[in-house]
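Okay, here's what each chain looks like letter by letter:
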Amino acid sequence: GVVTLAIVSMVAVLVIACPCALGLATPTALMVGSGMGAEHGILIRSGEAIQTLKDVEVVVFDKTGTITKGKPEVTDVVGMTNEEMTDDQILRWAASAERGSEHPLGRAIVEQAEARDAALAEPEGFQAIRGKGVQAVVDGRRVLVGSRRLMRENDIDPSPLEETMRSLEDDAKTAMLVAVDGRLAGVIAVADTLKEDSVDAIRELHSMGLETAMITGDNQRTAEAIARRVGIDYVLAEVLPDGKVAEVQNLQERFGSVAFVGDGINDAPALTQANVGIAIGTGTDIAIEASDVTLVRGELTGVVEAVNLSRATFRKIKQNLFWAFFYNVVMLPLAVIGWMHPVLAEIAMATSSITVVTNANTLRRVDIRPEYAQAVPSSSQPGMAQQPARSTA
């Protein structure tokens, strides 16, 4: 009798102590979470990204193509009052010089000149000066298009157009100076429209207790004007492409965990440096490759959904671990003192595993969309099937 009781108790203890439910608690929730992400157009490359997102303190956005649509248009052409050059001539010089540029601002100038039927010349000796502008020889004359810094470096005083520049920048426009043969010719202003959901998404992130920051190569005035419109907390302006990683590191030292959202080639190092890199799916392949999370639809709503998904997934993991431990804590003492038959232990162990898997699947009922999007039926939200073509520009 005693031996039989001992064997029965031993078998019951072994069955109850089997860590099946514990082994299922985390992976099942992560699998359901990743699947839900895919349904919402959020592609998660690793379980670690879901874990890190819930702890993020600040979300940093690249400006062009992330907060804005990345399709800027020329809004103003202003010539020097004492020069004979017309607005169309200024635009022609600038557009001819920018023909070799791949930058969205340069393309906007070229498109505007072509829309006005300007006869553009082929530039010679084209050179893009990173974060400052371009220079080229057009019809034998040296043309510079870019920032105040570029002009000063070429011994051209930008101050005669400073007032014009300031008023344009206060309107959230990027103003570029144009100089021909060492003389200031005028200013071309370009504006990039905000994405429809940028303001809502950033407001929602604030309501979730997150800080927001924006990194841009624009000067401080333009950057602050855009940040005011969108509601961004911190503005990091006049950051050259090489400086983005250092800015992310500074934010990590200041806040802790940082998520970086970007879309361009020069965002790849910052996406890698951040605790979580989030790439806009309509951006470049290299940015997508460097990221932990890709937003297929390219909307900032996806950032809110990704954080909500991370938080919801980890709530489920905690619940699962509770149930897995609860069964063991209650049943093990009963098995040890011989009150638990092996058959009952087997039923209890199976029940704990079923509970964990079922609980993980209830994650699908959670609506991870931000409040402003919940009025729209989730069936109308495009998922992976409508993945847009990627630009490699």
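Each remark here, short or long, concerns the structure printed above.
Residues numbered from 1 in each chain as written. Predicted model: local features only at pLDDT ≥ 70, side-chain atom pairs only at ≥ 80, totals over all residues. Heavy atoms only, no water.

Trainee: Help me understand the sheet that holds strand E2 (residues 58-62), please; the structure alone is not making it clear to me.
Mentor: Strand pairing within a sheet occurs via backbone hydrogen bonds; the two strands may be parallel or antiparallel. Read from one edge to the other, the open sheet built from seven strands follows the order E1-E13-E12-E11-E2-E9-E10, with strand pairing classed as mixed. Looking at which strands have only one partner, the edges of the open sheet turn out to be strand E1 (42-44) and strand E10 (234-236). Within this sheet the neighbouring strands show an average axis-to-axis angle of 20 degrees, counted without direction. Across five bridges, the pairing between E2 and strand E9 (residues 211-215) is parallel. Note that in E9 the partner of Val58 across the bridge is Glu211. Across the face of the sheet, helix H11 (residues 244-255) comes into contact with E2, E9, E10 and strand E11 (258-262) while running at roughly 160 degrees to E9. (Pairing = 2+ DSSP bridges. Helix = DSSP H or I, 4+ residues; strand = E, 2+ residues; numbered from the N terminus. Axes fitted to C-alpha atoms, helices over the stretch in contact; angles between N-to-C directions. Contact = heavy atoms within 4.5 Å.)

Trainee: What exactly am I supposed to notice about the environment of Val235 here?
Mentor: The residue Val235 is located in strand E10 in this model. Here the alpha-carbon distance between Val235 and Gln220, two residues 15 residues apart in the chain, equals 7.9 Å. Apart from residues no more than four positions distant in its own chain, Val235 is found in contact with Met214, Gln220, Ala223, Glu224 and Ala227.

Trainee: What exactly am I supposed to notice about empty space enclosed by the protein here?
Mentor: Regions of empty space are outlined by a rolling probe, equal in size to a water molecule, passed over the atoms. Scanning all chains against the criterion turns up two cavities of 30 Å³ or more. Approximately 30 Å³ is the volume found for the second largest cavity. What lines the second largest cavity is His40, Gly41, Ile42, Leu295, Val296, Arg297, Glu299, Gly302 and Glu305. A per-class count over the lining of the second largest cavity returns three nonpolar, three polar and three charged. (1 Å grid on protein atoms, 1.4 Å probe; cavity = no way out; pocket = protein on both sides within 12 Å on 5 of 7 lines; lining within 4 Å. Points joined across faces, edges and corners; volume = space filled by probe spheres on them. Nonpolar A, V, L, I, M, F, W, Y, C, P; charged D, E, K, R; others polar.)

Trainee: Would you explain the packing of aromatic side chains in this entry?
Mentor: Each pair of aromatic rings is reported with the distance of its centres and the angle of its planes. Inspection of every chain in the model, using the stated rule, returns one aromatic pair. Residue placement shows Lys54 over the ring face of Phe314; its charged tip is 4.4 Å from the ring centre. Arg92 extends its terminal NZ or CZ atom over the ring of Trp93, reaching a point 5.8 Å from the ring centre. (Phe/Tyr/Trp six-rings, centres within 6.5 Å; stacked < 30°, edge-to-face > 60°. Lys NZ or Arg CZ within 6 Å of the ring centre and 35° of its normal.)

Trainee: Help me understand the pattern of salt bridges in this model?
Mentor: In a structure, side chains of opposite charge can pair up when their charged atoms sit close to one another. On inspection of all chains with the given rule, the structure shows 23 salt bridges. One salt bridge in this structure joins Glu196 and Lys69, with 3.1 Å as the shortest N-O distance. On the criterion of sequence distance, the pair formed by Glu196 in the loop between strand E8 (183-191) and helix H9 (198-207) and Lys69 in the loop between helix H4 (63-67) and strand E3 (73-79) is long-range, its members being 127 residues apart. Overall, the relative accessible area of 65% leaves Glu196 in the exposed class. Taking the relative accessible area as the measure of exposure, Lys69 reaches 40% and is therefore partly exposed. Close ionic contact of Arg92 with Asp139 constitutes a salt bridge, the shortest N to O distance being 3.1 Å. Here Arg92, found in helix H5 (residues 87-98), pairs with Asp139, found in the loop between strand E5 (133-138) and strand E6 (141-146); they are 47 residues apart in sequence, far enough to count as distant. Here Arg92 falls in the partly exposed class, since its relative accessible area comes to 23%. The structure contains a network of salt bridges with shared partners spanning Arg148, Glu162, Arg166 and Glu169. (Salt bridge = Lys/Arg side-chain N within 4 Å of Asp/Glu carboxyl O. Buried < 20%, exposed > 50% of the residue type's maximum accessible area, 1.4 Å probe, protein only.)

Trainee: Teacher, can you tell me more about the pairing of E9 here?
Mentor: A regular strand places its side chains on the two faces of the sheet in alternate fashion. With four of five residues buried, E9 is to be regarded as a mostly interior element. Bridge count for E9 against E10 is three bridges, and the pairing is parallel. Across the sheet, the residue bridging to Met214 is Val235, located in E10. The parallel pair E9 and E10 is bridged by helix H10 (residues 220-230), and the resulting crossover is right-handed. (Right-handed = clockwise from strand over helix to strand, strands pointing away.)

Trainee: Explanation requested: unusual backbone geometry in the structure shown.
Mentor: Phi at Asp117 takes a positive value of approximately 60 degrees, unusual for a residue other than glycine. Overall, the relative accessible area of 69% leaves Asp117 in the exposed class. Of note in this structure, Ala172 is not a glycine but carries a positive phi near 65 degrees. Within the secondary structure, Ala172 is located in the loop between helix H8 (162-170) and strand E7 (174-180). You can call Ala172 buried: its relative accessible area is 8%.

Trainee: When you look at the packing of H5 against helix H6 (residues 104-115) in this model, what are you seeing that I'm missing?
Mentor: Two packed helices can be described by the angle between their axes and the distance between those axes. Two elements in contact, H5 and H6, have axes separated by 8 Å at closest approach and are oriented at 130 degrees. If you check the angle between H5 and H6, you find them oblique. When the axes of H5 and H6 are compared, the crossing they make is left-handed. The residues of H6 that touch H5, namely those facing Leu91, Ala94, Ala95 and Glu98, are Gly106, Ile109, Val110, Gln112 and Ala113. Residue composition of the contact of H5 with H6, by class: six nonpolar, two polar and one charged. (Parallel < 35°, antiparallel > 145°, perpendicular 65-115°, else oblique. Left-handed = near helix turned anticlockwise from the far one by under 90°.)

Trainee: Where do I start with the sheet that holds strand E4 (residues 124-129) in this structure?
Mentor: Here we have six strands laid out as an open sheet, ordered E3-E8-E7-E6-E5-E4, and antiparallel in their pairing. Strand pairing shows two members of the sheet lacking a second neighbour, E3 and E4, which therefore form its edges. If you compare each strand with its neighbour and ignore which way they point, the axes differ by 20 degrees on average. With six bridges connecting them, E3 and E8 associate as antiparallel partners. Note that in E8 the partner of Glu73 across the bridge is Ala191. Packed onto the sheet, H8 meets E3, E7 and E8 and runs at close to 150 degrees relative to E7.

Trainee: Help me out: how do you make sense of the side chain of Ser310 in this one?
Mentor: Following the sequence through the fold, Ser310 ends up in helix H14 (residues 301-336). Judged by its relative accessible area of 1%, Ser310 falls in the buried class. Not counting residues within four places of it along the chain, the set of residues in contact with Ser310 comprises Ile50, Gln51, Leu53 and Lys54.

So far we have only geometry, and geometry alone does not tell us how the molecule works.
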